[in-house]
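Single-letter residue listing:
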Amino acid sequence: KTRAMSEYLLAKSDLRTIPSIYVTNPHYKSAAKMHLFRKADIEDLAGRVHESKGLERKAKRDLMDARQAKRRATISKREEEVESREEELEEALADLGLIRPDSRLCDDFVEGKIKKTAGEVAAICAKEYYLNEYC
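This report concerns the structure included in the present document. Keep in mind it's a predicted model, so treat the numbers as computed, not measured.

### Concerning the overall build of the protein chain
A count of helices and strands for the protein chain gives five helices and two strands. Each helix (α) and strand (β) of the protein chain, taken in turn from the N terminus, gives the series α-α-β-β-α-α-α. For 135 residues, the compact-globule estimate of 2.2 N^0.38 gives 14 Å, and the C-alpha radius of gyration of the protein chain, at 35 Å, exceeds that figure by more than 25%. Seen along its three principal axes, the alpha-carbon backbone of the protein chain occupies a region of about 105 × 25 × 20 Å. Taken across its 135 residues, the protein chain has 21% of its residues classed as buried. Put simply, 47% of the contacts in the protein chain that link residues at least 6 apart link residues at least 24 apart. Roughly 10600 Å² of accessible area belongs to the protein chain as shown, and the carbon and sulfur atoms make up 52% of that amount. Of the charged side chains in the protein chain, 27 are positive and 26 negative; the average position of the first set lies 19 Å away from that of the second.

### Considerations on a nonpolar patch on the surface
A surface patch of nonpolar side chains, amounting to about 480 Å² of accessible area, comprises Tyr129, Tyr130, Leu131 and Tyr134. Mapped onto the secondary structure, Tyr134 falls in helix H5 (residues 118-134). Tyr134 sits in the exposed class, given a relative accessible area of 58%.

### Brief notes about the packing of aromatic side chains
How two aromatic rings sit relative to each other is set out by the distance from centre to centre and by the angle between their planes. Taken as a whole and assessed by the stated rule, the structure comprises one aromatic pair. With centroids separated by 5.2 Å and ring planes inclined at 40°, the aromatic side chains of Tyr130 and Tyr134 adopt a geometry described as tilted. Of this pair, Tyr130 and Tyr134 both sit in helix H5, four residues apart, which is roughly one turn of the helix. On the basis of relative accessible area, Tyr130 is assigned to the partly exposed category, the value being 47%.

### Notes on the state of the cysteines
By definition, a disulfide is the covalent link that joins the sulfur atoms of two cysteine residues. All told, the structure shown has zero disulfides when counted by the stated rule. No disulfide involves Cys106; its sulfur sits 3.5 Å from the nearest other cysteine sulfur, which is in Cys125.

### Remarks on the nonpolar core
It is characteristic of soluble globular proteins that their nonpolar side chains tend to be buried jointly. Ranked by size, the top nonpolar core spans 12 residues in total: Leu89, Ala92, Leu93, Leu98, Leu105, Cys106, Phe109, Val110, Ala118, Val121, Ala122 and Cys125. For this core, the elements supplying multiple residues, two or more each, are helix H3 (39-95), helix H4 (104-110) and H5. Contact partners of Val121, with chain neighbours within four places excluded, come to Leu89, Leu105, Cys106, Phe109, Ile114 and Lys116. Core analysis: the next-biggest nonpolar cluster, separate from the first, contains nine residues, Leu10, Leu15, Ile42 and Val49 among them.

Rules used throughout
Sequence order as written defines the numbering, with residues in each chain counted from 1. Restriction of local features to residues with pLDDT of at least 70 applies here, the model being predicted, together with a cutoff of 80 or more for giving and counting side-chain atom pairs; totals for whole chains, interfaces and linings are based on all residues. Calculation of side-chain values draws on the structure's entire complement of heavy atoms; hydrogens and water are dropped beforehand. Each helix is a run of DSSP H or I of at least 4 residues and each strand a run of E of at least 2, with the numbering of both proceeding from the N terminus. Only C-alpha atoms enter the radius of gyration; for comparison, a globular chain is expected to reach 2.2 Å times N to the power 0.38, where N is the number of residues. When accessible area is computed with a 1.4 Å probe and restricted to protein chains, residues below 20% of their type maximum are described as buried, those above 50% as exposed, and intermediate ones as partly exposed. By the convention used here, residues are in contact when the closest approach between their heavy atoms is within 4.5 Å. Note that accessible areas follow from Shrake-Rupley with a 1.4 Å probe, and for residues the cover is restricted to the protein chains shown. Positive: Lys, Arg. Negative: Asp, Glu. His and the chain ends are not part of the count. Where a charge sits is defined by one atom per residue type, namely NZ (Lys), CZ (Arg), CG (Asp) or CD (Glu). Distance thresholds for patches are 9 Å for like charges and 5 Å for nonpolar side chains (Val, Leu, Ile, Met, Phe, Trp, Tyr), applied to residues having over 30% relative accessible area and no salt bridge. Each reported salt bridge corresponds to a side-chain nitrogen of Lys or Arg within 4 Å of a carboxyl oxygen of Asp or Glu. Centre distance within 6.5 Å is the pairing criterion for rings of Phe, Tyr and Trp, where only the six-membered ring of Trp is used; planes under 30 degrees apart are then read as stacked, over 60 as edge-to-face, and the remainder as tilted. Any two cysteine sulfur atoms lying within 2.5 Å of each other are counted as a disulfide. Side-chain atoms within 4.5 Å link the members of a nonpolar core, which is a set of buried Ala, Val, Leu, Ile, Met, Phe, Trp, Tyr and Cys residues.

Quick look at the structure:
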């Protein structure tokens, strides 16, 4: 039993599924009986166990690959959204004769942190510009 487990990388629970016999230990009469299996049964069991584990590993690998692909798609989609909001804001500011200021308001809009339209953000920037320049 011990040799089958170590050489074929099987668990005790795996070995319970195949036929076996118990015999007296020829080396130590007072020791526990030896649990013996047919070598062909052990090899067949090892093939089935390791094949299924290989499939499990492949399934896990496929799942991880799918998660990474989804994560990359999410990041790509977010980058596209940021770029789109940035272009939209620059157009709205240009319509008012402004260039994009390095303001927290503009950054928050581009990053999607505030729920305002590009026009609303541009109007606020225009007011801030007027107050800074003329007041």
